[in-house]
Amino acid sequence: MDTEDTSRPARSAAVWLWISTAARFGLALVWLVAGATKVGDLAASGRAVNAYRLMPYEAAKVVGAAQPFLEIALGLLLLVGLAVRLSAGISAVLLVVFIAGIVSAWARGLAIDCGCFSSGGDLAEGVDPGYLWEILRDLGFLALAGILLWRPRTRFSLDALLMGD
């Protein structure tokens, strides 16, 4: 076996380390921005959840009030690289729920702003909700979470520091 054959796995591992690091920082940014846009107006966040018409208003208010804090917590954990695989798993579950909600709203003919990076809610008559774009965007974020579930080791992470990597 020559040295080129033995260096290929090491090179591949190094590349994946950087890809995972980029995925971690990208997903952290997504969660931090999403949470920050909602945390200042928890009532609007509750109305955005309620716009999906999937649960009673009181439950939507609670979910809407908790969601920004969960998003910020996930963003901070990913930013510092602590519990990366767990944070990626929770992220993946949330993103699947968000995608299902958007698909549900689209299938039922609702015209709402998803509330992902805004206050959300019902759209004015004739405004296109852009559901396809939102679903594709969230699938991209889900791919970032998938990378981290598959390859959670990253550079500049507390996980690496704590585990001696």
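It should be noted that the structure appears before, not after, this text.
Residues numbered from 1 in each chain as written. Predicted model: local features only at pLDDT ≥ 70, side-chain atom pairs only at ≥ 80, totals over all residues. Heavy atoms only, no water.

Caption draft 1: Up close: helix α5 (residues 131–150). In a regular helix each residue adds 1.5 Å, so 20 residues correspond to 28 Å; α5 covers 28 Å between its end C-alpha atoms and thus fits that length. Taken together, the buried positions of α5 are Tyr 131, Glu 134, Ile 135, Arg 137, Asp 138, Phe 141, Ala 145 and Leu 148. Within α5, the buried residues cover an arc of 165° as seen down the axis, which keeps them to one side. (Helix = DSSP H or I, 4+ residues; strand = E, 2+ residues; numbered from the N terminus. Expected span 1.5 Å × (residues − 1). Buried < 20%, exposed > 50% of the residue type's maximum accessible area, 1.4 Å probe, protein only. Arc of directions from axis to C-beta.)

Caption draft 2: Representation of the layout of surface pockets. Quantified by volume, the largest pocket comes out at close to 430 Å³. Contributing to the lining of the largest pocket are 26 residues, with Val 49, Tyr 52, Gln 67, Val 97 and Phe 98 lying nearest its centre. Elements represented by at least two residues in the lining of the largest pocket include exactly α1 (3–39), α2 (42–50), α3 (57–80), α4 (84–107) and α5. Tallying contributions element by element places α4 first for the lining of the largest pocket, with six residues. (1 Å grid on protein atoms, 1.4 Å probe; cavity = no way out; pocket = protein on both sides within 12 Å on 5 of 7 lines; lining within 4 Å. Points joined across faces, edges and corners; volume = space filled by probe spheres on them.)

Caption draft 3: Region of the structure containing the side chain of Lys 38. Secondary-structure assignment places Lys 38 in helix α1. Taking the relative accessible area as the measure of exposure, Lys 38 reaches 3% and is therefore buried. With residues up to four places along the chain from it excluded, the contact list for Lys 38 reads Ser 45, Gln 67, Pro 68, Glu 71, Gly 115, Cys 116 and Ser 118. (Contact = heavy atoms within 4.5 Å.)

Caption draft 4: Structural context of the pattern of salt bridges. What the rule picks out here adds up to four salt bridges. Close ionic contact of Arg 53 with Asp 122 constitutes a salt bridge, the shortest N to O distance being 3.1 Å. With a gap of 69 residues between them, Arg 53 in the loop between α2 and α3 and Asp 122 in strand β2 (residues 121–122) connect regions that are remote in the sequence. A relative accessible area of 44% means that Arg 53 is categorised as partly exposed. Where Arg 137 meets Asp 138, a salt bridge forms, and the shortest distance between an N and an O atom there is 3.1 Å. (Salt bridge = Lys/Arg side-chain N within 4 Å of Asp/Glu carboxyl O.)

Caption draft 5: Summary view of the nonpolar core. Among the nonpolar cores identified, the biggest contains 16 residues, and Leu 27, Trp 31, Leu 78, Leu 95 and Leu 148 are the most heavily contacted of them. For this core, the elements supplying multiple residues, two or more each, are α1, α3, α4 and α5. Among the elements that line this core, the one with the most residues is α4, at six residues. Sequence-distant contacts of Trp 31, defined by excluding residues within four places in its chain, comprise Glu 71, Ile 72, Leu 74, Gly 75, Leu 78, Ser 91, Leu 94, Leu 95 and Phe 98. Counting residues in each nonpolar core, the second largest holds 11 residues, with Ile 102, Ala 105, Leu 110 and Ile 135 among its members. (Core = buried A, V, L, I, M, F, W, Y, C linked by side-chain atoms within 4.5 Å.)

Caption draft 6: Spatial organisation of unusual backbone geometry. Within the chain, Arg 53 stands out as a residue other than glycine whose phi angle is a positive 55°. A positive phi angle, near 55°, is found at Ala 83, a position not held by glycine. If you trace the backbone, Ala 83 turns up in the loop between α3 and α4. For Ala 83, a relative accessible area of 28% gives the class partly exposed.

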